[in-house]
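# Examination of the molecular architecture
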Amino acid sequence: KEDVSAGADTPFNPFAPKRNKKKDAAGSGSAVLKKKTAKTRKSFPNMKELVVFLQKQNNQQSSSSPSSPALSADTVEWTCRQIVEFMEAEPNVSSVQRDGARALHLLSLLDETDYEDEASLTCAGVEAILTAMENFPHDEALQKLACVAMEALTAWEENQAVILSKEYRIDDICVVMDRFSDNMALQVSALGIFHRLSWHPDAVDGDVAKRLANAIPFVVGLLKEHRDNVEIYNMGCSTLAKLTEDNPDSQLRLCEKPDQVGIRVAIDALHNGKFEDHPEIERAAMLILQHVASNPSLECKANIIRHGGMDCILDVLEEHSSIVATESSSNTTNSKAYSEGKLIMASALQTLANLSDSKLPDHDVIKQKMSVSVPIMLDVLQQHPNIAQVQLTGYSALKNLAHTHARLLTTQDFEGILKSMKAQMNNAAVQKQACRTLVNFLSKSNGNANKTNNLLSGGNSPSAKESLDLVRAIANVDGLSIIFRSIRAHQHHRAVQEAAFGVLYFFSCSQDLTTNQKHQLCLEENVFVLLGTMNSYIESEILCERGCGLILNMSFFAPFSLEGMASAGGTRIMLAAMRRHG
């Protein structure tokens, strides 16, 4: 499975775990501006005065006054200890616990990334908040303050680990969401917590992944109730995209009954007109479908198609293909629309590749949707021949679809594939996938596609329509030169060689070849390339099968080629192939 994300094209995620700016700056050798710090530790007689102090500090910082001092690491440590001590001293006093949660939240907002030790210090604060939530499960005000504080504190991986360390803690947050479903501030903060947790490195690990999967119904429920809320949908879809990444349990949870609500929520995000100006939501929703479609369960794939997922994927693919083309023609390839559009196109194509499975049920709706997707994908590939990421995932999808949802390609379709190969000549992966796509479409049955003996006897030869269209396309764009260039350019890539030999063999089987095409195929330089490749990959049975069949066909095209083959060592190479694969 190819991954569609990529380096500099990945947009900034404001919900990802925070990094330590001081450490990053020091590591890069850049100068670090030190803020003025309060040098004295301040003790507080009670929690109320501590909250007032922190509120005052936050007001000063938000006013951006140059004279407002930032809290030093020492002050943060001292203040955090006092908050936890106050909460532990009176664990049964709800007002103290509320103030403690509020104080920890305010403390987390004070110059949040400049303290080297802040993350480790606030671990004790997370423990104190979780204890307060357990002691006062029905105190709505406390639960809200606790969720708000934890959302802020879980920006650091150390604090995320505190919650993920025990299974019941995630369940407790889910219970709170269910109990106070009308408290919007609590719901959004709880969603924020799950979003932060989904970015933890252990979130894809066995037990931790299963614990986080329990939160999926609550995230889906929140999205269902707030279909028009951009903030909630952005955070919710991003959370589900992370939770379903390489996580079969979470993928299956999204497909649960009734009515596979999780799948429908992601599909709704793709065709909700209110999200048109928010490509980050479309990208997250597309990733959800991509991840679910990668699940081995055929029911997951079929549900996406049955609930209109295929239509949405194709619509989004065409929409962003047009956006990227417009940005490219305007020379604005560094714009956000261009970067997001490339990622969304690649994700949509990978989703289509994941959905194409030979074991999918023969449902009329599924067959119809799959057949409609082929010309759309070909249009996208022809429109963006120079975007390697799109080419690679697009041909992966076409190759998979060709196995089970065959369709006669037109001359223009074949031309588009060959032009894409020419544009991406140095990309071995694109060459391989494009050649395999041609081979799959040119063979009636995937099961017999590699049986050269059947092809030679006419038992599985390409249909007249496909053969004629391929011949015309190769003539129109000098396709033979493109195929041989690919063979020469990727001598060290066995998969490329095997796929290219397949295309040439199917081409040689056609009854519609012109005299010029036969002559070009039998040029001495091409004969040397074919024999040299066979000699280099004599251990490859499929390459030798196709090579021997190709040479046999060529011997009928031009008798003089037999002498050229013999002088180039063709007899020796074919005998070696026969001995090796006898």
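Residues numbered from 1 in each chain as written. Predicted model: local features only at pLDDT ≥ 70, side-chain atom pairs only at ≥ 80, totals over all residues. Heavy atoms only, no water.

Looking only at helices and strands, the protein features 32 helices and zero strands. Looking at the protein residue by residue over its 582 residues, the buried ones come to 53%. Residue pairs in contact within the protein that sit at least 24 positions apart in sequence constitute 77% of those at least 6 positions apart. Total accessible area on the protein is roughly 25,300 Å²; 49% of this is exposed by carbon and sulfur atoms. (Helix = DSSP H or I, 4+ residues; strand = E, 2+ residues; numbered from the N terminus. Buried < 20%, exposed > 50% of the residue type's maximum accessible area, 1.4 Å probe, protein only. Contact = heavy atoms within 4.5 Å. Areas by Shrake-Rupley, 256 points an atom, 1.4 Å probe, with all protein chains shown as cover.)

Residues other than glycine seldom take positive phi values, yet Asp 246 does so here, at roughly 55°. Note that Asp 246 resides in the loop between α13 (230–243) and α14 (248–254). Positive phi outside glycine occurs at Asp 478, with the angle close to 55°. Considering the arrangement of structural elements, one finds Asp 478 in the loop between α25 (464–477) and α26 (479–489).

Packing of helix α8 (residues 157–164) against helix α9 (residues 167–179) leaves a shortest axis separation of 6 Å and a crossing angle of 90°. Judged by the inter-axis angle, α8 sits roughly perpendicular to α9. Seen from α8, the contacting residues are Val 162, Ile 163 and Leu 164; seen from α9, they are Arg 169, Ile 170 and Ile 173. Here the contact of α8 with α9 is built from residues that sort into five nonpolar, no polar and one charged. (Axes fitted to C-alpha atoms, helices over the stretch in contact; angles between N-to-C directions. Parallel < 35°, antiparallel > 145°, perpendicular 65-115°, else oblique. Nonpolar A, V, L, I, M, F, W, Y, C, P; charged D, E, K, R; others polar.)

Looking now at the environment of Ser 238. If you trace the backbone, Ser 238 turns up in helix α13. Ser 238 sits in the buried class, given a relative accessible area of 12%. Between the C-alpha atom of Ser 238 and that of Glu 280, which follows or precedes it by 42 residues, the distance is 8.5 Å. Here His 195 takes part through its side chain, which lies 2.9 Å from a polar atom of the side chain of Ser 238. (Polar contact = N/O pair within 3.5 Å; in protein donor to acceptor, adjacent residues only side chain to side chain.)

Further remarks concern the packing of aromatic side chains. The relation between two aromatic rings is expressed through the spacing of the ring centres and the mutual angle of the planes. Applying the stated rule across the entire model yields three aromatic pairs. Look at Phe 44 and Phe 53: their rings are 5.1 Å apart centre to centre, the planes differ by 45°, and that puts the pair in the tilted class. When its relative accessible area of 16% is taken as the criterion, Phe 53 is described as buried. The ring of Trp 199 carries Lys 242 above its face, with NZ or CZ at 4.4 Å from the centroid. (Phe/Tyr/Trp six-rings, centres within 6.5 Å; stacked < 30°, edge-to-face > 60°. Lys NZ or Arg CZ within 6 Å of the ring centre and 35° of its normal.)

Further remarks concern the environment of Val 529. With respect to the secondary-structure elements, Val 529 resides in helix α29 (residues 524–536). For the pair Val 529 and Ile 487, spaced 42 residues apart in sequence, the C-alpha to C-alpha distance is 8.0 Å.

Glancing now at empty space enclosed by the protein. Under the criterion given, the structure shown has one cavity of 30 Å³ or more. Counted as a void, the largest cavity has a volume near 30 Å³. Contributing to the lining of the largest cavity are Leu 130, Met 133, Glu 134, Arg 169, Asp 172 and Ile 173. Counting residues per element, the ones that place at least two in the lining of the largest cavity are α6 (123–135) and α9. The residue makeup of the lining of the largest cavity, split by class, is three nonpolar, no polar and three charged. (1 Å grid on protein atoms, 1.4 Å probe; cavity = no way out; pocket = protein on both sides within 12 Å on 5 of 7 lines; lining within 4 Å. Points joined across faces, edges and corners; volume = space filled by probe spheres on them.)

We now examine the confidence of the model for the protein. On average, residues of the protein carry a pLDDT of 79, and 80% of them reach 70 or more. Here helix α1 (residues 21–28) stands out as the element of the protein with the lowest mean pLDDT, 38, in contrast to α26, whose mean of 95 is the highest. The low-confidence segment residues 113–118 (pLDDT under 50) makes 23 contacts with residues lying over four places distant or belonging to another chain. Every residue in residues 445–463 is under pLDDT 50, and counting partners more than four places away or in other chains gives 34 contacts. (pLDDT = per-residue confidence, 0-100.)

The subject of this paragraph is helix α19 (residues 336–355). If you check α19, its first and last C-alpha atoms are 28 Å apart, about what 20 residues at 1.5 Å a residue would give, namely 28 Å. In terms of residue burial, α19 counts as a mostly covered element, since 18 of its 20 residues are buried. (Expected span 1.5 Å × (residues − 1).)

We now examine α29. Look at α29: 18 Å from first C-alpha to last across 13 residues, which is about the 18 Å you get at 1.5 Å a residue. All buried positions along α29 are accounted for by Asn 526, Val 527, Val 529, Leu 530, Leu 531, Thr 533 and Met 534.

Let's shift gears to the packing of α29 against helix α32 (residues 570–580). Two elements in contact, α29 and α32, have axes separated by 10 Å at closest approach and are oriented at 35°. Considering how the two elements wind past one another, α29 and α32 form a crossing that is left-handed. From α29, Leu 531, Met 534 and Asn 535 reach across to α32, where they touch Gly 570, Arg 572 and Ile 573. For the contact of α29 with α32, a count of residues per class yields three nonpolar, two polar and one charged. (Left-handed = near helix turned anticlockwise from the far one by under 90°.)

As a further point, take a negative patch on the surface. A contiguous patch of negative charge on the surface is contributed by Glu 157, Glu 158, Glu 167, Asp 202, Asp 205 and Asp 207. With respect to the helices and strands, the residue Glu 158 is situated in helix α8. (Patch = residues over 30% accessible without salt bridge, like charges linked within 9 Å, V, L, I, M, F, W, Y side chains within 5 Å. Salt bridge = Lys/Arg side-chain N within 4 Å of Asp/Glu carboxyl O. Lys, Arg positive; Asp, Glu negative; His and termini not counted. Charge placed at Lys NZ, Arg CZ, Asp CG, Glu CD.)

Under the definition given, this model contains nine salt bridges. The salt bridge partner of Glu 245 is Lys 242, with a shortest N-O separation of 3.4 Å. Among the residues examined, Glu 245 registers a relative accessible area of 30% and is labelled partly exposed. Close ionic contact of Arg 494 with Glu 498 constitutes a salt bridge, the shortest N to O distance being 2.9 Å. Here the residue Arg 494 and the residue Glu 498 both occupy positions in helix α27 (residues 494–509), the gap between them amounting to four residues, near one helical turn. Accessibility expressed as a relative area gives 37% for Arg 494, which makes it partly exposed. When salt bridges with common partners are traced through the structure, they connect Lys 48, Asp 99 and Arg 102 into a single cluster.

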